[in-house]
Amino acid sequence: MVQTCERKKDFKKGIDTGDSRRRRGETTVSLRKAKKEEGLAKRRNVRVNNFVSEDPQPQGGGNSKKTYTISDIPALRTGIQSSDLAVLIESTRGFRRLLSVETNPPVQDVLAAGVLDTLISLLGRTDSSELQFEAAWALTNIASTEHTAVVVEHGAVPGLVALLTHAKGDLREQSAWCLGNIAGDCTEFRDMILQAGGLNPLLMNIAQPESLTLLRNVTWALSNFCRGKPQPDLETVRPAIPALASLLTHTDQETVVDACWALSYLSDGEDDRIQACVDGGVVPHLVNLLSNPSSQVITPALRTLGNIVTGNDVQTQSVIDAGILAVSPALLSNAKKTIRKEACWMLSNIAAGTAPQISALLAAPNVIGHAIGQLAQGEWDVRKEACWVVSNVATGGTWEHARVLVDQGCLEPICDLLGVSDSKIILVALDALEALLRKADAHDQAVEWVTLVDEADGIEKIEALQEHEHEEVYEKAVAVLEEFFAAEDEEEDENLAPNAAAGDGGFQFGVAPPAGGQLSFAF
């Protein structure tokens, strides 16, 4: 088997096949950072004002349609200190509009005006919810930039958390939006919000959302509360799991997508985190979502299920029982490479399970055949994951399992991987070949399977690996050759080595003598 020390941190622990079941590590970090699929960690609010004021209209109400520029900042700075509520609201709105410009908002200019502390203090103006709303909106857009830290350092978090229970839904939504931006900046700020009690009022808004936009924003904010490594304390975020489970059947796709991403963050870790998600009843709903026509839904749902099958055998079985294998052929045929890659990664961890789990994998119609098809013809990232599927079945399965792999045509694409530049994958492929041939040898099938390897140019490629610069590859190649192909080498040596011809001092070079005489060469 491939040495496991360098990969140990990526594998599940505590079971015999722990070196084969892989957690998501550095090799898949690019998937985690795929912005188009995972969604942005921060969002700016550039919408039109949809706040419905219930406050009495201040005397001499402001010009709600006025356009502001940087040149207005000095006047706005004066106005935001006014005791006149109408002027105060309009000045705050002016700063919000400046910060809502879609391209290059003048955040630095606003901060340089020294109004941040005032904006934060306005969150507590209980005499005007409209003023609180405009201040929260302005802070949301500052927090959506690289200046998130200054918003936190000036003490905005407690005021924003308090507004999550405000009577007005629009204000609760805006506060959740701002907190989502702050949590998405870094894990330190995320934990600060959680410690400030931000989770429970957010969950209350999910349980009783006043509007669809509020539900969307609080679900997205919740996904950021769960996001990042080091992960949040499990006991702190555990109450979010039932809420997220309830959202998986919602009719709004955007809400479902963010709920799935949140679960993918929560399930990415040790068995206790996985068990919390399994206990929350999410698995059957996630499997159902894999039949959704949108890749935006499939990707995070599959990611979460892939995390769960890195857990213990019981947790893996819960995914199998929910019907994952029935939908796997469609995943392996998906047009998106990332989905096929994730599907192979997930199946490779099922293949690292118990013998009955491997049997279920191989018995499911078209699953192993499609996986081997990806091994042969998929993009490189997909082929690597498909290689793990085959190797885990070969190394952890039985003779019958090995026969299914060979009957499905795995030997040629496995041999093809022996010529790639990725040393780790070469070792995985060699592990697969070694395990298959060892099982064949125990059942008197070695000659037939060695022939198949030879026909796939496997012997030639293994011999070439004796010159490989990676010592482990070289050692593995030599070991495989000596165990399974030594007889062929000996035959070749006999045919090539010159032998002294008895009687005439000539030499024979492994060529059969012609009838009636002896072919010899005299020098």
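Cut-off values and rules
Residues numbered from 1 in each chain as written. Predicted model: local features only at pLDDT ≥ 70, side-chain atom pairs only at ≥ 80, totals over all residues. Heavy atoms only, no water. Helix = DSSP H or I, 4+ residues; strand = E, 2+ residues; numbered from the N terminus. Buried < 20%, exposed > 50% of the residue type's maximum accessible area, 1.4 Å probe, protein only. Contact = heavy atoms within 4.5 Å. pLDDT = per-residue confidence, 0-100. UniProt positions renumbered as here; feature names shortened; annotations may be inferred. Core = buried A, V, L, I, M, F, W, Y, C linked by side-chain atoms within 4.5 Å. Domains from an automatic or database assignment. Expected span 1.5 Å × (residues − 1). Salt bridge = Lys/Arg side-chain N within 4 Å of Asp/Glu carboxyl O. Patch = residues over 30% accessible without salt bridge, like charges linked within 9 Å, V, L, I, M, F, W, Y side chains within 5 Å. Areas by Shrake-Rupley, 256 points an atom, 1.4 Å probe, with all protein chains shown as cover. Lys, Arg positive; Asp, Glu negative; His and termini not counted. Charge placed at Lys NZ, Arg CZ, Asp CG, Glu CD. Phe/Tyr/Trp six-rings, centres within 6.5 Å; stacked < 30°, edge-to-face > 60°. Lys NZ or Arg CZ within 6 Å of the ring centre and 35° of its normal. Axes fitted to C-alpha atoms, helices over the stretch in contact; angles between N-to-C directions. Left-handed = near helix turned anticlockwise from the far one by under 90°. Nonpolar A, V, L, I, M, F, W, Y, C, P; charged D, E, K, R; others polar.

Caption draft 1: How the structure looks around the overall build of the protein. For the protein, the helix and strand inventory stands at 32 helices and two strands. The buried share among the 523 residues of the protein stands at 52%. Intrachain contacts of the protein at a sequence separation of at least 6 include 70% that bridge at least 24 residues.

Caption draft 2: Structural detail: the confidence of the model for the protein. On average, residues of the protein carry a pLDDT of 87, and 82% of them reach 70 or more. A low-confidence stretch, residues 26-37 stays under pLDDT 50, and its non-local contacts, those more than four residues away or across chains, total 21 contacts. Low confidence marks residues 50-63, where pLDDT is under 50. Its contacts with residues over four positions away, or in another chain, come to 25 contacts.

Caption draft 3: Spatial organisation of the environment of Thr316. Mapped onto the elements, Thr316 comes out in helix 20 (residues 313-321). You can call Thr316 buried: its relative accessible area is 0%. Sequence separation between Thr316 and Thr354 is 38 residues; the distance between their C-alpha atoms is 9.7 Å.

Caption draft 4: Representation of the UniProt feature "repeat: ARM" (unreviewed entry) in the protein. As annotated by UniProt and renumbered to match this structure, "repeat: ARM" (unreviewed entry) occupies residues 114-143, 155-197 and 281-323. This span, residues 114-143, is 70% helix and 0% strand, and a straight line between its end C-alpha atoms measures 16 Å.

Caption draft 5: Summary view of the nonpolar core. Ranked by internal contacts, the top residues of the largest apolar core, which has 160 residues, are Ile182, Leu222 and Phe485. The element that contributes the greatest number of residues to this core is helix 28 (residues 423-442), accounting for 12 residues. Counting the residues that make up this core, at least three belong to each of domain 1 (69-232) and domain 2 (353-485). Not counting the four nearest positions on each side in its chain, Ile182 is found in contact with Ala143, Thr148, Val151, Val152, Val157, Leu160, Phe189 and Ile193.

Caption draft 6: A look at the environment of Leu212. The residue Leu212 is located in helix 13 (residues 212-226) in this model. The exposure class assigned to Leu212 is partly exposed, which follows from its relative accessible area of 39%. A sequence separation of 43 residues divides Leu212 from Thr255, and the C-alpha atoms of the two residues are 8.9 Å apart. Those residues in contact with Leu212 that sit more than four places away from it in its chain are His250, Asp252 and Thr255.

Caption draft 7: Quick look at helix 16 (residues 253-266). The end-to-end C-alpha distance of helix 16 is 20 Å, a good match for the 20 Å that 14 residues give at a rise of 1.5 Å each. Buried residues dominate helix 16, accounting for 12 of its 14 residues. Where helix 16 is concerned, the buried positions are Thr255, Val256, Val257, Asp258, Ala259, Cys260, Trp261, Ala262, Leu263, Ser264, Tyr265 and Leu266.

Caption draft 8: Structural view of helix 25 (residues 380-396). Over its 17 residues, helix 25 extends 24 Å from the first C-alpha to the last, a length consistent with the 24 Å expected when each residue adds 1.5 Å. Most of helix 25 sits out of view: 12 of its 17 residues are buried. What helix 25 keeps buried is the set Val382, Arg383, Glu385, Ala386, Cys387, Trp388, Val389, Val390, Ser391, Asn392, Val393 and Ala394. For helix 25, the secondary structure elements touched by its buried residues are helix 22 (337-350), helix 23 (355-363), helix 24 (367-377), helix 26 (399-407), helix 27 (411-416) and helix 28.

Caption draft 9: Just the pattern of salt bridges, in detail. Summed over the entire model, instances satisfying the criterion amount to 20 salt bridges. We note a salt bridge from Asp191 to Arg190, for which the minimum N-O separation is 2.9 Å. Among the ionic pairs, Lys229 bridges to Asp268, the shortest N-O distance being 3.2 Å. Placement of Lys229 in the loop between helix 13 and helix 14 (234-237) and of Asp268 in the loop between helix 16 and helix 17 (271-279) is noted, with a sequence separation of 39 residues between them. Looking at Lys229, the relative accessible area reads 52%, which means it is exposed. If you follow the salt bridges from partner to partner, you end up with Glu90, Arg93, Arg96, Glu130 and Glu134 in one network.

Caption draft 10: Focus on a negative patch on the surface. A contiguous patch of negative charge on the surface is contributed by Glu412, Asp454, Glu455, Asp457 and Glu460. Its place among the elements puts Glu412 in helix 27.

Caption draft 11: Summary view of unusual backbone geometry. Omega for the peptide link from Lys229 to Pro230 comes to 5°, which places this bond in the cis form. The phi torsion at Asp457 lies on the positive side, around 65°, for a residue other than glycine. With respect to the helices, strands and loops of the structure, Asp457 is situated in the loop between helix 29 (446-455) and helix 30 (458-464). Given a relative accessible area of 41%, Asp457 falls into the partly exposed group.

Caption draft 12: Main features of the packing of aromatic side chains. Per the stated rule, a full pass over the model turns up three aromatic pairs. Centre to centre, the rings of Phe133 and Trp137 are 5.6 Å apart; their planes meet at 75°, and the pair counts as edge-to-face. Of this pair, Phe133 and Trp137 both sit in helix 7 (residues 129-143), four residues apart, which is roughly one turn of the helix. The exposure class of Trp137 is buried, given its relative accessible area of 0%. Over the face of the ring belonging to Tyr68 we find Lys66, whose NZ or CZ atom lies 5.2 Å from the ring centre. The ring centre of Trp137 lies 4.0 Å from the NZ or CZ of Arg96, which sits over that ring.

Caption draft 13: Representation of the environment of Gln317 within the structure. For Gln317, the position within the fold is in helix 20. Overall, Gln317 belongs to the partly exposed group, its relative accessible area being 27%. Separated by 36 residues in sequence, Gln317 and Gly353 have C-alpha atoms that sit 8.9 Å apart.

Caption draft 14: Structural detail: the packing of helix 21 (residues 324-332) against helix 22. The interhelical angle for the contact between helix 21 and helix 22, taken along N-to-C directions, is 145°, at an axis separation of 9 Å. Remark: the crossing between helix 21 and helix 22 carries left-handed chirality. Between helix 21, through Ile324, Leu325, Ser328, Leu331 and Leu332, and helix 22, the contact on the second element is made entirely by Ile339, Arg340, Ala343, Cys344, Met346, Leu347 and Ile350. Among the residues forming the contact of helix 21 with helix 22, the class breakdown is 10 nonpolar, one polar and one charged.

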